Amino acid sequence: MSSGVSVASPAKPPPSRIHRAPSLGIAQAKAADRTGIRFFLNSAFPELSNDEYRVSWDDPFFEPVDRLLVKRGRQIVGHVHVMHRTMLAGQQETPVGCVRHLTVGEAHRGVGLGARLLRAAEAHMIRSGALVGLIHSAVPHFFRRYGWALYGQHCLSRADTCRVLGSLLEHGLTRSHRRSPMHIRPMLCWELAEVVDVYRQSVAGMHGPFQRSEAYWRWLVQRHAYDHFHVALQGPSLADIEDEHTRVVGYAITQAERLVELRTLPGRSRTAAELLARACGESIEANRHGIIYHGPPGDPLHDVIKNAGGRFVEHVADRGEVMMAKVLRPLALLRRQSGRLLARADAGQIVQPWRIDLLADGRTYCLEASDGQLRVRRGMPGPDVIEMNAADFSRVLLGRLDWDRAFEDERVFVSSKNAAYVARVLFPLFSVWRPPLDSLERSSPEPLY
């Protein structure tokens, strides 16, 4: 997904351009800017298809003002798009903003317009109620300067298609469709509500996936960034498509050799294996020799593919892009988390009253617990202080800081052993994973085999 900064630039702009660029203002886009934005983005992101750009305006949460522009007269010279989403974090829902297509025209680069657009996007997300900003970027060093941190990981397994299919058959993980009450076929439009429910149940308790309403799901389907969307049906027959006893218990979405999303109802491991077998069959029919499965850490299908001679890869970058995040409203996020923080403290046998202060970017955030309540406020640091940089502060609040490594690298400083213990208990490290479907674009990627 081309979500980061466009970095190609000339050696140095002429002095006249440097003189004029700082006076350029940032304004919210209007519907009338639609065509101009398309031509501007085409020069910076040639891989962005016309269809992909068109459907971005049909996003159920989109308004034209979510695109911020820098104009010189009528000419667009800078652009950033903010998308509004809700991210799941365990049992909590967090409103987030996603930054896409942040770029500045070549003639106006090198004078800070990219940074101004990023700050404007952050302000727009805050006004819209977002607590966290997210981005996929190929230039993390740019965002790191402004407090953005690496966030989440990409998990995938890859193997030879025939070997995976053979292993599934050998271990009896897939059965003949003739005898099985399981049926797999392309999804029909009226089954979308059941797909929504399968997804909702399958990602419950995870950290990282987006909440998907039926309207948002419909938009994802209409984008058609995938090649195949199959559903697994539990029922006696396919003869009557309106059979009330047939229901969707899982689905699989593929793009080329990538199985980008496979979800089932809880406890349906055989359904998952059947869907994997179907994806392998589709790959063989398309004369592809490999399959790549994207799934969360700990997904049993990773082991299935590994046992077939495959390889499991867990890394921060996927095709040159990393996921990054920044907490935009720390106080609001900490207050939203207060119930979970108290529960973790009780589970860690931290006796009330207790207090810990988080010091980042020159600001102190005080967490005080007493009488069964947690109060979060700004203030002066007390005796138990955790000091860190802005990026690590975002990692702490989002459950992505490896405390051992941070202490070893001397990126985080503690005033006492008690502060270190309380911080570990309140903000443990979580696995963060998001299905690729949300950021999948219509243009097909280059084969990885």
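Summary of the structure given here.

Let us look at the overall build of the protein. Along the protein, the regular secondary structure elements total 15 helices and 21 strands. Every one of the 449 residues in the protein was classed for burial, and the buried ones make up 53%. Once local pairs closer than 6 in sequence are excluded, the contacts in the protein between residues at least 24 apart make up 74%. When the accessible surface of the protein is split by element, carbon and sulfur atoms take 51% of a total near 20500 Å².

The next subject is the environment of Ala347. With respect to the helices and strands, the residue Ala347 is situated in helix 12 (residues 338-347). Residue class for Ala347 comes out exposed when judged on its relative accessible area of 67%.

Across soluble globular proteins, nonpolar side chains have a tendency to be buried as a group. The biggest cluster of nonpolar side chains holds 92 residues, and the ones touching the most others in it are Trp217, Phe229, Leu276, Trp354 and Leu367. If you tally residues by element for this core, the top one is helix 9 (residues 269-285), at seven residues. By size, the runner-up hydrophobic cluster in this structure holds 24 residues, among which are Val70, Leu117, Val139 and Phe143.

Read from one edge of the open sheet, five strands run 19-18-17-20-21, paired in mixed fashion. Edge strands, defined here as strands with exactly one partner in the open sheet, are strand 19 (373-378) and strand 21 (413-414). Taken together, the seven bridges between strand 17 (residues 354-360) and strand 18 (residues 363-370) define a ladder with antiparallel strand orientation. Opposite Arg355, over in strand 18, you have Glu368 as the bridge partner. Most of the contacts of helix 12 go to strand 19, to which it runs at about 120 degrees, and overall it touches strand 17, strand 18 and strand 19. Each of strand 17, strand 18 and strand 20 (385-388) touches helix 13 (residues 390-397); the most contacted strand, strand 20, lies at about 125 degrees to it.

So, on to the packing of aromatic side chains. Scanning the model with the defined rule gives 14 aromatic pairs in all. For the ring pair Phe229 and Tyr251, a centre distance of 5.7 Å and an interplane angle of 40 degrees mean the geometry is tilted. Within this pair, whereas Phe229 is found in strand 10 (residues 228-234), its partner Tyr251 is found in strand 11 (residues 247-255), the two being separated by 22 residues in sequence. In terms of burial, Phe229 and Tyr251 fall into one category: buried. Where Trp403 meets Phe407, the ring centres are 5.8 Å apart and the plane angle is 40 degrees; that geometry is what we call tilted. Linking Trp403 with Phe407, this pair stays in helix 14 (residues 403-408), spanning four residues, or about one helical turn. Judged by its relative accessible area of 5%, Trp403 is buried. Judged by relative accessible area, Phe407 falls into the partly exposed class, the value being 22%. One aromatic cluster is present, formed by Tyr199, Trp217, Tyr226, Phe229 and Tyr251 through successive ring pairs. The residue whose ring lies beneath Arg212 is Tyr199, and the NZ or CZ to ring-centre distance is 4.0 Å. Taking NZ or CZ as reference, Arg212 lies 4.8 Å from the ring centre of Trp217, over its face.

This part takes up the sheet that holds strand 8 (residues 182-186). Strand pairing in a sheet is mediated by backbone hydrogen bonds. Such pairs are either parallel or antiparallel. Taken in spatial order, the seven strands make up an open sheet running 8-10-11-12-13-7-14, and their pairing is mixed. One side of each edge strand has no neighbouring strand; the edge strands of this open sheet are strand 8 and strand 14 (311-315). On average, each strand axis in the sheet is tilted by 25 degrees relative to the strand beside it, whichever way the strands run. In terms of strand pairing, strand 8 meets strand 10 through five bridges, oriented antiparallel. By the bridge assignment for strand 10, His183 is matched with Leu233. Here helix 6 (residues 161-170) sits on the sheet in contact with strand 7 (154-160) and strand 13 (290-294), set at roughly 90 degrees to strand 7. In the packing of helix 9 onto the sheet, the strands contacted are strand 8, strand 10, strand 11, strand 12 (258-264) and strand 13, and the crossing angle to strand 12 comes to about 155 degrees.

Before going further, it helps to spend a moment on the pattern of salt bridges. Inspection of every chain in the model, using the stated rule, returns 21 salt bridges. Across the salt bridge formed by Glu441 and Arg100, the nearest N and O atoms sit 2.7 Å from each other. In this pair, Glu441 is assigned in the segment after helix 15 (417-426) and Arg100 in strand 4 (residues 92-104), connecting sequence segments 341 residues apart. Pair check on accessibility: Glu441 and Arg100 agree, each one buried. Among the ionic pairs, Arg395 bridges to Asp392, the shortest N-O distance being 2.5 Å.

Conventions we followed
Residues numbered from 1 in each chain as written. Predicted model: local features only at pLDDT ≥ 70, side-chain atom pairs only at ≥ 80, totals over all residues. Heavy atoms only, no water. Helix = DSSP H or I, 4+ residues; strand = E, 2+ residues; numbered from the N terminus. Buried < 20%, exposed > 50% of the residue type's maximum accessible area, 1.4 Å probe, protein only. Contact = heavy atoms within 4.5 Å. Areas by Shrake-Rupley, 256 points an atom, 1.4 Å probe, with all protein chains shown as cover. Core = buried A, V, L, I, M, F, W, Y, C linked by side-chain atoms within 4.5 Å. Pairing = 2+ DSSP bridges. Axes fitted to C-alpha atoms, helices over the stretch in contact; angles between N-to-C directions. Phe/Tyr/Trp six-rings, centres within 6.5 Å; stacked < 30°, edge-to-face > 60°. Lys NZ or Arg CZ within 6 Å of the ring centre and 35° of its normal. Salt bridge = Lys/Arg side-chain N within 4 Å of Asp/Glu carboxyl O.

So, to be careful, I would describe these as geometric facts and stop short of saying anything about function.
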